[in-house]
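# Analysis of the macromolecular model
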Amino acid sequence: MAERNYTVVTEFFLTAFTEPLQWRVPLFLVFLSFYLTTMLGNTGLILLIRGDRRLHTPMYFFLSHLSLVDVCYASTIIPQMLAVLWENGTTISQARCAAQFFLFTFFASIDCYLLAIMAYDRYAAVCQPLLYVTIMTEKACWGLVTGAYVAGFFSAFVRTVTAFTLSFCGNNEINFIFCDLPPLLKLSCGDSYTQEVVIIVFAAFVMPVCILVILVSYLFIIVAILQICSAGGRAKTFSTCASHLTAVALFFGTLIFMYLRANTGQSSEGDRVVSVLYTVVTPMLNPLIYSLRNKEVKEAVRKALSKSKAARRP
């Protein structure tokens, strides 16, 4: 048998989007602007929700946590991506790689659970309006959010421990935007069957279960909307759900597409572009989606701007 290079790898070299060289600076500026927009949009939405008593409802409570997770989610990926572009590739230790992988999985899982919780909240508001206050109590809301964080931690812990029990040898280059499991599997020099099963379990349990909750919730919501007599009432009810459906489609669509492709063991330019959509673009767009399609948020923004202008007047 031919000899293989079994030099043990203790650090990785990230190189995504470093070629062609003339695109490095434009991409750096684009991703930096995306990151700043994400931080400003999500932190602004959190402060808006906390500062306006009209937004102190379960729906906006969950939305504030989604924004918080998106800030952390983007901060786990984008600064590392900017370093890769600025330095034309950057070295990352195995410990830092494991930490990034854990945090990415942690926040991505919480995003999945929060979107499912928000769908259930809309179901309770539309289909059980008289019982909504008793269903979505403050205690229930905190319990659901805590459950999302605990489940996200468990998922991230299991996947990280499983992934980094692998031995990595030979080539240490990761042509991807961050330390994710599919590109890491390509660098392993042992049997990675268990780790591949973990990918399938994550893709076949966490996401489908959340999607099932969302689909069932919106099936009941659609039935309830069709039973509303007035066209204005139907439009108002649907508008409260449209922003959430847009965020769900954007996040889950790209994430499922990525993991279905990743399971084939390929790492193409298309995979890297799709990974940018769910790690960079989605956290940036969520505040815009919920603001532009939500009357209450737009009114809160106008109120905050009016207060700001009044405070600046002599």
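Predicted, not measured: the structure shown is a model, and the values here were computed from it. Numbering of residues starts from 1 in each chain and follows the order in which that chain's sequence is written. Note on the predicted model: pLDDT of at least 70 is required for a residue's local features to be given, and 80 or more for side-chain atom pairs to be given and counted; whole-chain, interface and lining totals, by contrast, use all residues. Computation of side-chain values: all heavy atoms of the structure, hydrogens and water removed.

## A few points about the packing of helix 2 (residues 58-87) against helix 3 (residues 94-127)
Axis lines are fitted through C-alpha atoms, for helices just across the contact stretch, and the angle between N-to-C directions can take any value from 0 to 180 degrees. Runs of E in the DSSP output that reach at least two residues are strands. Runs of H or I that reach at least four are helices, and both are numbered from the N terminus. Taken N-terminus to C-terminus, the directions of helix 2 and helix 3 make an angle of 160°; their axes are 9 Å apart at the nearest point. In terms of orientation, helix 2 and helix 3 fall into the roughly antiparallel class. Crossing of helix 2 against helix 3: the hand is left-handed. Residues are grouped as follows: Ala, Val, Leu, Ile, Met, Phe, Trp, Tyr, Cys and Pro are nonpolar; Asp, Glu, Lys and Arg are charged; all remaining types, including Gly, are polar. Its residues placed into classes, the contact of helix 2 with helix 3 shows 18 nonpolar, 4 polar and 5 charged. Here is the rule for angles: anything less than 35 degrees is roughly parallel, anything more than 145 is roughly antiparallel, 65 through 115 is roughly perpendicular, and the remaining ranges are oblique. Crossing chirality is assigned from the near helix's rotation relative to the far helix, an anticlockwise turn below a right angle marking it left-handed and a clockwise turn marking it right-handed.

## Some details on the pairing of strand 1 (residues 11-14)
Relative accessibility decides the category of a residue: with a 1.4 Å probe and only protein chains considered, values under 20% of the type maximum give buried, values over 50% give exposed, and everything between is partly exposed. Side chains Phe12 and Leu14 project from strand 1 onto a buried face, and the interleaved Glu11 and Phe13 project onto a face without burial. The sheet contact formed by strand 1 and strand 2 (residues 90-93) spans 4 bridges and is antiparallel. Residue pairing across strands places Phe13 opposite Thr91, the latter belonging to strand 2. Only when DSSP finds a minimum of two bridges between them are two strands counted as paired. When strand 1 meets strand 3 (residues 173-174), the two strands line up parallel, connected through 2 bridges. Among the inter-strand pairings, Leu14 is bridged to a residue of strand 3, identified as Ile174.

## Considerations on the environment of Pro26
Considering the arrangement of structural elements, one finds Pro26 in helix 1 (residues 24-51). Exposure remark for Pro26: the relative accessible area of 33% places this residue in the partly exposed category. As for Pro26 and Leu85, which are separated by 59 residues in sequence, their C-alpha atoms are 9.7 Å apart.

## Describing the side chain of Asp70
Within the fold, Asp70 resides in helix 2. Just so you know, the count uses Lys and Arg for positive and Asp and Glu for negative, and it drops His and the chain ends. Basic side-chain nitrogens of Lys or Arg form a salt bridge, by our definition, when they fall within 4 Å of a carboxyl oxygen of Asp or Glu. The buried charged residue Asp70 lacks any salt bridge, with Arg159 as its nearest oppositely charged partner at 16 Å. Whether two residues touch is decided by their heavy atoms; if any such pair falls within 4.5 Å, the residues are in contact. Filtering out sequence-adjacent residues up to four positions away, Asp70 remains in contact with Thr38, Asn42, Asp111, Pro283 and Asn286.

Shape descriptors only; they carry no functional weight alone.
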